[in-house]
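Here's the letter readout for the chains.
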Amino acid sequence: MKADKILLHFSQVFCGIDKGHPLRGAEMNEAYILEDGYIAIEGAKIIDVGTGMPDLQLIDENTELIDCTGKTAVPGLIDCHTHLVYGGSREHEFAQKLKGVPYLEILAEGGGILNTVAATRKASFQELYQKSTQLLDKMALHGVTTIEAKSGYGLDWETEKRQLEVMQELHQKHPLDVVATFMAAHAIPADYKDDSNTFVEKIIQEMLPEVKQQQLAEFCDVFCEEKVFSAAQAYRLLSAAQSLGFAARIHADEIASIGGCQTAAELKAVSAEHLMVIRDSDIERLSRAQVIGNLLPGTTFSLMEDTYAPARKMLNYGMAITLATDSNPGSCPTANLQFIMQLGCLQMKLTPIEVFNAVTINAAYSIQRNETVGSLEAGKNADITIFDAKNIDFTMYFFATNLVSQVYKNGRLIVNGGNVLR
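Before going into details, it helps to say that this report is about the structure given with it.

About the cut-offs
- Residues numbered from 1 in each chain as written.
- Predicted model: local features only at pLDDT ≥ 70, side-chain atom pairs only at ≥ 80, totals over all residues.
- Heavy atoms only, no water.
- Helix = DSSP H or I, 4+ residues; strand = E, 2+ residues; numbered from the N terminus.
- Rg over C-alpha atoms; globule rule 2.2 N^0.38 Å.
- Buried < 20%, exposed > 50% of the residue type's maximum accessible area, 1.4 Å probe, protein only.
- Contact = heavy atoms within 4.5 Å.
- Pairing = 2+ DSSP bridges.
- Right-handed = clockwise from strand over helix to strand, strands pointing away.
- Axes fitted to C-alpha atoms, helices over the stretch in contact; angles between N-to-C directions.
- Phe/Tyr/Trp six-rings, centres within 6.5 Å; stacked < 30°, edge-to-face > 60°.
- Lys NZ or Arg CZ within 6 Å of the ring centre and 35° of its normal.
- Polar contact = N/O pair within 3.5 Å; in protein donor to acceptor, adjacent residues only side chain to side chain.

Regarding its fold elements, the chain presents 15 helices and 17 strands. The C-alpha atoms of the chain give 21 Å as radius of gyration, which agrees with the globular expectation for 422 residues (22 Å, within 12%). Summarising its shape, the C-alpha atoms of the chain cover approximately 70 × 45 × 45 Å along the three principal directions. By the burial criterion, 59% of the 422 residues in the chain qualify as buried. When contacts within the chain are restricted to residue pairs at least 6 apart in sequence, long-range pairs at least 24 apart make up 73% of them.

Set out below in structure tokens:
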């Protein structure tokens, strides 16, 4: 087999490592890293990865040889927790945050998620599509090739469906892959403020079957938190979703620990997300149940808290973890996964290898795309992020700066020199 193109003479190629399961505990500090590396691509796939000069059998007169001297290649970054599609913005709440007003208080006053719900309900499909396209472009510029995206800014069927349809259209037309999660249980709408159980039943009986029938999402998520949805409600909703074939995720232990982790463990959810105030007993419980912890340090940073999820403790208990932006209009308005990775080092004390595994192979397992992305090896998709850096350590050391020079998606150059290519 001849290569269409060969990227060669990388200072470093972080291939990662795929052991057939999410990396857990000490495994997260393992990876194959090549010096003077090359990556050979044919069509949308990687056909060889190695060091020095590639085998001449890979090359013919049509093979493009691309010199990447001084650069570092990693698997295309995966942002496995975002709230991509929404209307409006919430910079008017920023002053309240700076004054220390708690998020749940802002929510109780009709702000927070409910504010975005009102704006999203008013937005047309095209308005949501254009806004989300711009956000996806920014993510691509920072090295992301695949994202998970949640609904949850509709809280009614019409708007939830519109959000999911926007994601579907983006997945088909935008260079990045978009993996959809249905999350109508993101907040309690005003109509059900005193009867959240009825809203949960509405989701179970009316919305979930429609999402499944129309194949609008693969995952179902719920915000298990004080003054939002209880652990019992989360269990009822997610177990119903699993019975329909959805994979389960859960927002848990972001502000208070109210049983979300126990629910995740009992249901063997794919992931539990946030985990900022998780108890040691629940870390052990998630580890035994092999639930991935999706950690979101940008939310802690944006909320000006010191409750970073205890990543090192999780690894000591043998958990698998990821890092993601939680990109959303309120608690973490960002498209910069690199900065989140740097917070993983600087605030959570993770090593660069652990950080890159968190946003590549483990993130791929979190969205059940591990067979095609997450590591650089023959047979996987040619999703490649290239940094203007001589090694992965430099990308973490030189923080708050976009060091991405090129991004390949399915073998096609989609970002070059700070521009998204169509």
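Of the two faces of strand β12 (residues 292-295), both are covered, the one formed by Ile292 and Asn294 as well as the one formed by Gly293 and Leu295. Relative to β12, strand β11 (residues 271-274) runs parallel, the two being bridged by 3 bridges. Within β12, the position partnered with Ala272 by the bridge is Gly293. Handedness of the β-α-β unit built from β11, helix α9 (residues 280-289) and β12 comes out right-handed. Sheet analysis places β12 next to strand β13 (residues 321-323), joined by 3 bridges and oriented parallel. Looking at the pairing, Gly293 lines up with Ile321 of β13.

Spatially, 8 strands are ordered β6-β7-β8-β9-β10-β11-β12-β13 in an open sheet, and the strand pairing comes out parallel. With one partner strand each, in any of the chains shown, β6 (77-82) and β13 form the two edges of the open sheet. Recorded for the sheet is a direction-independent mean angle of 25° between the axes of neighbouring strands. Sheet topology places β6 next to strand β7 (residues 144-150); 4 bridges connect them, and they run parallel. Looking at β7, one finds that Thr82 is bridged to Ala149. Contacts between helix α5 (residues 157-173) and the sheet are confined to β7 and β8 (177-185), with β8 contributing the most and set at about 175° to the helix. In the packing of helix α6 (residues 196-213) onto the sheet, the strands contacted are β8 and β9 (219-222), and the crossing angle to β8 comes to about 150°.

Taken as a whole, this structure holds 9 aromatic pairs when the rule is applied. The interplanar angle of 75° and the centroid separation of 5.2 Å between the aromatic rings of Phe301 and Phe339 together place this pair among those described as edge-to-face. Note that Phe301 is positioned in helix α10 (residues 297-302) and Phe339 in helix α12 (residues 337-346), a separation of 38 residues in sequence. By way of ring pairs, the aromatic residues Phe14, Phe356 and Phe387 are connected into one cluster. The ring of Phe246 carries Lys212 above its face, with NZ or CZ at 5.3 Å from the centroid. Here Arg249 stacks its cationic end above the ring of Phe219, 4.5 Å away from the centre of that ring.

Here we take up the environment of Val179. Residue position: Val179 is located in strand β8. With a relative accessible area of 1%, Val179 lands in the buried category. Placed 30 residues apart in sequence, Val179 and Ala149 show a C-alpha to C-alpha distance of 6.0 Å. Not counting the four nearest positions on each side in its chain, Val179 is found in contact with Thr146, Ile147, Glu148, Ala149, Glu218, Phe219, Ile367 and Arg369.

Attention shifts here to the side chain of Ser257. Structurally, the position occupied by Ser257 is in the loop between β10 (247-252) and α8 (260-267). Of the polar contacts made by the side chain of Ser257, one reaches the side chain of Asp253; its length is 3.3 Å. Filtering out sequence-adjacent residues up to four positions away, Ser257 remains in contact with Val277, Arg279 and Asp282.

Turning our attention to the side chain of Thr360. With respect to the helices, strands and loops of the structure, Thr360 is situated in the loop between α13 (352-358) and α14 (361-366). Setting aside residues no more than four positions away along its own chain, Thr360 makes contact with Phe14, Pro75, Gly76, Leu77, Ile78 and Gly374.

Quick look at the pairing of strand β14 (residues 384-387) now. Residues Ile384 and Ile386 line one face of β14 and the alternating positions Thr385 and Phe387 line the opposite face, and both faces are buried. Note that strand β5 (residues 72-75) and β14 share 4 bridges and pair antiparallel. Across the sheet, Thr72 pairs through a bridge with Phe387, a residue of β14. Taken together, the 4 bridges between β14 and strand β15 (residues 404-409) define a ladder with antiparallel strand orientation. Across the sheet, the residue bridging to Ile384 is Tyr408, located in β15.

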